[in-house]
Amino acid sequence: MEQTPVTDPNTIATDGFRLHPDDEAAMREEIGHFEQPQAACIEALKIVQRRHGWVPDDAITAIARVLGVGPASVEGVATFYSLIFRQPVGRHIILVCDSSSCFLTGFDQLRDALGEHLGIGLGETTADGRFTLLPVCCLGACDGGPALMIDDDVYGPVAAGDLPDLLEGYS
Amino acid sequence: MNSQRQSPIYKSRLLQPVAERSPETHPLTWRLRDDGQVVDLKEYQSKEGYQAVSQVLNGHDPGAVIAAMKEANVRGRGGAGFSAGLKWSLTMQGGDIPRGYIVCNADEMEPGTFKDRLLMEQQPHLLIEGMILAAFANNARYGYIFLRGEYVESARVLSEALAEARDAGWLGPDVAGSGFDFDIALHTGAGRYICGEETALLNSLEGQRANPRAKPPFPGQSGAWGKPTVVNNVETLCNAPAVMLRGADWYQGLSGDGTDDGGTKLYGASGLVNRPGLWELPIGTTGGELLELAGGLRDGKKLKAWLPGGASTGFLLPEHLDLPLDFDTVGKEGSRLGTGLITVVTEDQSMVALMRNLEQFFARESCGWCTPCRDGLPWTVKLLLALERGEGEAGDVELLDKLAADCGPAQTFCAHAPGAAMPLETALRHFRHEFEQGIRQSKGKPHGDPIPVGEV
Ligand SMILES: Cc1cc2nc3c(=O)[nH]c(=O)nc-3n(C[C@H](O)[C@H](O)[C@H](O)COP(=O)(O)O)c2cc1C
Ligand code: SF4
Ligand code: FES
């Protein structure tokens with residue numbers, strides 16, 4: 001097995017998961033915004049992910065308990081949405097836009113430069129667990145294509161030469 | 001190499017300075033600041049902000065709002081161009097029908113589109129005011145802004161603005177002292193283009209998987225939690241305050257004589273142009289005018305084709321640059337206005353490679369509910385990849401024709417598949433030779449050199 005620690009299934013410590021009391025309170029508050037608790041499902045998954053980085057199995061059951069729904073409906077939602085991670089990811093998420101305007105302004109070159117710089121391809125995590133690189137739909141920054149997002153920050157147009165300085169900011 | 005180059009932080013911006021914008025001519029953007037900072041409540045109120053809400057809620061009846069929106073002919077800016085006033089007139093209300101919802105579609109994910117972001121990041125109160133007017137017209141009790149998860153800055157600005165509006169009494173149990181109660185919550189999504197389809201959006205809002213729903217019933221009859229629900233795009237809702245303040249006639253007069261549509265539009269251009277960007281212009285502005293504002297194509301390149309309003313619209317040619325970009329005119333050319341932000345393709349860029357990229361997007365974003373979309377789109381990707389490598393087989397182009405036809409209007413559960421079919425059908429029609437080259441050069445020279453982009 002040549003897998004890196006972060007993607008080794010044996011290290012997915014689901015049984016260690018505990019729902020933080022603050023997070024449970026935030027979920028209950030979110031439920032108050034809607035007619036039915038199920039509506040808070042996506043936000044609940046995001047609350048777990050904000051603290052934990054990703055959503056382990058036991059978080060699914062914990063959320064289901066808070067919402068008063070079956071775990072299958074939480075899992076169904078968790079697996080539908082692309083920004084909910086059901087396996088460990090790096091400390092920082094790079095979302096690189098692969099949609100048409102960026103494709104026409106240099107997505108291929110940017111993806112290759114990222115790959116070269118980080119030593120990973122789309123969908124992978126660096127061995128040191130620092131970055132996960134994912135493709136994303138149009139970031140609504142097409143006038144700055146090719147564009148990417150690192151965590152909450154949007155960049156564009158990004159040239160290959162910008163990457164060393166840019167990535168440096170995320171340790 | 002680029003040691004002096006600043007970190008390329010992206011900031012949404014309009015390419016027209018304050019001096020060029022006025023309340024009479026730029027209803028959507030006249031308040032925006034040249035420094036790009038958010039127009040806060042104080043500044044918004046000092047620039048006619050919430051005046052429409054004060055006047056309408058304290059003096060008019062909901063029917064008057066609907067009538068004005070109908071007369072102004074504000075057509076849906078989310079891409080389909082359906083009259084907002086007509087939609088509002090079809091919402092079930094009155095008698096023992098429960099009060100429902102106003103949902104703002106802020107899922108902006110159509111490739112090539114970056115307009116709603118500007119309105120939300122820099123002028124959140126215009127959207128809030130538009131939603132209050134829509135709520136009043138449709139007797140809605142609560143509003144949701146369904147915002148895509150990646151719009152972090154929009155979320156921050158909107159949350160602050162909602163709190164400001166609530167504190168000032170523009171939202172809450174007694175809006176503007178009128179006795180009308182209405183409030184808005186911000187809902188942020190978690191990815192997937194299909195969430196922007198209005199019935200998928202409602203499922204997503206309810207915390208379900210975002211598969212579209214069957215229509216009828218339309219959301220106006222039975223939407224979120226079975227209640228009457230109005231779904232409108234950000235830009236559509238942002239038009240309502242000025243229509244109510246200045247009147248339908250004024251709004252109609254904003255657009256040129258060459259078009260039946262009213263008002264202005266946030267137009268934009270991206271691709272290899274010198275000055276990609278956004279402008280608020282009279283609806284009916286031409287593609288040629290947009291290209292000119294964008295400073296023409298980079299490095300003296302030549303225009304091959306363009307998409308008028310996002311990935312799900314049909315390709316137009318240089319000969320179409322003189323057409324007014326309104327819903328009906330573009331529709332007559334076998335395309336759609338869509339979101340009105342054009343994407344340009346230069347002569348040296350391969351249509352086959354671009355089509356492959358587009359269909360990869362549509363295939364990945366299919367919700368998987370119906371067969372032509374779930375299975376047909378990956379098949380087009382496979383064929384296009386082969387043609388791109390010069391490994392296509394005889395019959396592949398005809399097969400693409402058929403797959404595009406199978407995904408055409410009314411053959412699938414929602415408009416995602418027709419959106420995937422339209423660029424493909426038009427590309428095959430206008431640039432058939434490029435696709436056929438991928439066959440004739442069987443095992444020979446690959447077709448798809450990397451897309452040439454020049455300096456970024
Ligand atoms: C696949 C798909 C994606 C869509 N995405 C969006 C979107 O991101 N934003 C939007 O406003 N409308 C989007 N729409 C259009 C909506 O279904 C709907 O027509 C629109 O929100 C209605 O508002 P409007 O009449 O104000 O345009 C999408 C439609 C489809 C089929
Ligand atoms: S057309 Fe595609 S996206 Fe729309 S419902 Fe069918 S499978 Fe889903
Ligand atoms: S296509 Fe990349 S940001 Fe829009």
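Thresholds applied
- Along every chain, residues carry numbers that run from 1 in the direction the sequence is written.
- All chains are assigned letters beginning with A, and all ligands numbers beginning with 1, in the order in which they are written.
- For this predicted model, a pLDDT threshold of at least 70 governs which residues receive local features, and a threshold of 80 or more governs which side-chain atom pairs are given and counted, while totals over whole chains, interfaces and linings are taken from all residues.
- The basis for the side-chain values is all heavy atoms of the structure; hydrogens and waters are excluded.
- Think of it this way: any DSSP run of H or I at least four residues long counts as a helix, any run of E at least two long counts as a strand, and we number them from the N terminus.
- For every residue, the accessible area obtained with a 1.4 Å probe (protein chains only) is divided by the maximum for its type, and the residue is called buried under 20%, exposed over 50%, and partly exposed between those limits.
- The contact criterion used throughout is that any non-hydrogen atoms of two residues lie within 4.5 Å.
- For accessible areas, the Shrake-Rupley method is used with a probe of radius 1.4 Å. Any residue's cover is judged against the shown protein chains and nothing else.
- For this count, His and the chain ends are skipped, Lys and Arg are scored as positive, and Asp and Glu as negative.
- Working definition for charges: the position is that of NZ of Lys, CZ of Arg, CG of Asp or CD of Glu.
- Radius of gyration here is computed from C-alpha atoms only, and the compact-globule reference equals 2.2 Å multiplied by the residue count raised to the power 0.38.
- One heavy atom suffices: a residue is near a molecule or strand as soon as one of its heavy atoms comes within 4 Å of it.
- Residue polarity follows a fixed list, in which Ala, Val, Leu, Ile, Met, Phe, Trp, Tyr, Cys and Pro are nonpolar, Asp, Glu, Lys and Arg are charged, and the others, Gly among them, are polar.
- Here, the term nonpolar core denotes a set of buried Ala, Val, Leu, Ile, Met, Phe, Trp, Tyr and Cys residues that are joined through side-chain atoms within 4.5 Å.
- These domain limits were set by an automatic method or by a database of domain assignments.
- The term polar contact refers here to a pair of N or O atoms within 3.5 Å; inside protein, the definition further demands a hydrogen-donor-capable atom paired with an acceptor-capable atom, and it admits residues adjacent in sequence only when both atoms are side-chain atoms.
- Patches in this entry comprise residues that are over 30% relatively accessible and not in a salt bridge; like charges within 9 Å are linked, as are nonpolar side chains (Val, Leu, Ile, Met, Phe, Trp, Tyr) within 5 Å.
- Criterion for a salt bridge: a side-chain nitrogen of Lys or Arg within 4 Å of a carboxyl oxygen of Asp or Glu.
- Only rings of Phe, Tyr and Trp enter the pairing, Trp through its six-membered ring, and a pair is recorded when the two centres are within 6.5 Å. The plane angle decides the type: under 30 degrees is stacked, over 60 is edge-to-face, the rest tilted.
- Charge-over-ring contacts are defined here by two conditions on Lys NZ or Arg CZ: a distance within 6 Å of the ring centre and an angle within 35 degrees of the ring normal.

What follows concerns the overall build of chain A. The secondary structure content of chain A amounts to seven helices and five strands. The secondary structure elements of chain A, listed N-terminal to C-terminal, are α-α-α-α-β-α-α-β-β-β-β-α. Reported as C-alpha extents along the three principal axes, the dimensions of chain A are approximately 50 × 40 × 25 Å. Evaluated residue by residue, chain A yields a buried proportion of 57% over its 171 residues. Contacts in chain A between residues at least 24 apart in sequence constitute 61% of all its contacts with a sequence separation of at least 6. Per element, the accessible surface of chain A, about 7,100 Å² overall, is 48% carbon and sulfur. Here chain A contributes 10 positively and 26 negatively charged side chains, and the mean placements of these two sets differ by 8 Å.

Okay, the overall build of chain B next. In terms of regular secondary structure, chain B is built from 18 helices and eight strands. The C-alpha radius of gyration computed for chain B amounts to 22 Å, which stays within 12% of the reference 23 Å derived for 456 residues, consistent with globular compactness. Over its C-alpha atoms, taken along the principal directions, chain B stretches across nearly 75 × 50 × 45 Å. In chain B, buried positions account for 61% of the 456 residues. Contacts in chain B between residues far apart in sequence, at least 24 positions, make up 70% of those at least 6 positions apart. Element-wise, carbon and sulfur atoms account for 52% of the exposed surface of chain B, whose accessible area totals about 16,500 Å². On chain B, the mean spot of the 44 positive side-chain charges and the mean spot of the 58 negative ones are 4 Å from each other.

It is worth spelling out the site of ligand 2 at this point. Around ligand 2 sit 13 residues, and of these B:C367, B:W369, B:C370, B:C373 and B:C414 come closest. When its residues are assigned to classes, the shell around ligand 2 shows nine nonpolar, four polar and no charged.

Turning next to unusual backbone geometry. Omega for the peptide link from A:G156 to A:P157 comes to -5 degrees, which places this bond in the cis form. With respect to the secondary-structure elements, A:P157 resides in the loop between strand 5 (153–155) and helix 7 (163–168). Geometrically, the link from B:P216 to B:P217 is a cis peptide bond, its omega value of 5 degrees lying close to zero. Secondary-structure assignment places B:P217 in the loop between helix 8 (198–205) and strand 4 (229–233). The residue B:E48 is not glycine, and still its phi comes out positive at about 65 degrees.

Core analysis: the largest hydrophobic core is formed by 188 residues, its most contacted members being A:L45, A:L148, B:W88, B:L127, B:I132, B:F315 and B:F435. When residues of this core are assigned to their parent elements, the largest contribution, ten residues, is made by helix 6 (residues 124–138) of chain B. In terms of domain composition, this core takes at least three residues from each of domain 1 (13–80) and domain 2 (92–168) of chain A. In contact with B:I132, other than residues within four places in its own chain, are B:Y50, B:V53, B:L57, B:W170, B:L171, B:V175 and B:F182. Ranked by size, the runner-up nonpolar core spans 21 residues in total, among them B:L290, B:W306, B:L325 and B:V330.

Residue and element names in this part refer to chain B. Within the structure, ligand 1 sits among 19 residues, and G78, N105, N232, N233 and T236 are positioned closest to it. Residue K87 places a side-chain N or O atom 3.3 Å away from an oxygen atom belonging to ligand 1. A distance of 2.9 Å separates an oxygen atom of ligand 1 from a polar atom in the side chain of N105. If ligand 1 stood free it would expose 600 Å²; the protein chains cover 90% of that surface. Per-element tally for the shell around ligand 1: the top contributor is strand 4, with three residues. Tallied by class, residues from the shell around ligand 1 come to five nonpolar, eight polar and six charged.

Another aspect to go through is a nonpolar patch on the surface. Residues and elements named next belong to chain B. Side chains of F82, L86 and L90 sit close together on the surface and give an oily, nonpolar patch of about 270 Å² of accessible area. Relative to the elements of secondary structure, L90 occurs in the loop between helix 4 (84–89) and strand 1 (101–106). In this structure L90 comes out as exposed when scored by relative accessible area, which is 54%.

Taken domain by domain, chain A comprises domain 1 (13–80) and domain 2 (92–168). Each of domain 1 of chain A and domain 2 of chain A has a C-alpha centre, and the two are 29 Å apart.

As a further point, take the environment of B:D396. Residues and elements named next belong to chain B. Along the chain, D396 turns up in helix 16 (residues 396–406). On the accessibility criterion, D396 (9% relative accessible area) is buried. Each C-alpha atom of the pair D396 and Y101 lies 47 Å from the other, and the pair is 295 residues apart in sequence. Those residues in contact with D396 that sit more than four places away from it in its chain are L383, L387 and I439.

Applying the stated criterion across every chain, the model contains 15 aromatic pairs over all chains. Arranged with centres 5.0 Å apart and planes meeting at 75 degrees, the rings of B:F361 and B:F362 form a pair that is edge-to-face. Assigned by exposure class, B:F361 and B:F362 land together as buried. Aromatic pair B:W369 and B:F413: ring centres 5.9 Å apart, planes at 35 degrees, arrangement tilted. Of the two residues, B:W369 is situated in the loop between helix 13 (351–365) and helix 14 (371–374) and B:F413 in the loop between helix 16 and helix 17 (416–430); the sequence distance between them amounts to 44 residues. One residue, B:R192, lies across the ring of A:F80, its end atom 4.5 Å from the ring centre. Above the plane of the ring of B:W250 lies B:R246, whose end atom (NZ or CZ) is 5.8 Å from the centre.

If charged atoms from side chains of opposite charge come close, those side chains can pair. Applying the stated criterion across every chain, the model contains 42 salt bridges over all chains. Where A:D23 meets A:R51, a salt bridge forms, and the shortest distance between an N and an O atom there is 2.7 Å. Of this pair, A:D23 sits in helix 1 (residues 21–31) while A:R51 sits in helix 2 (residues 41–52); the two residues are 28 residues apart in sequence, bridging distant segments of the chain. Since its relative accessible area comes to 10%, A:D23 is described here as buried. Across the salt bridge formed by B:R213 and B:E206, the nearest N and O atoms sit 2.9 Å from each other.

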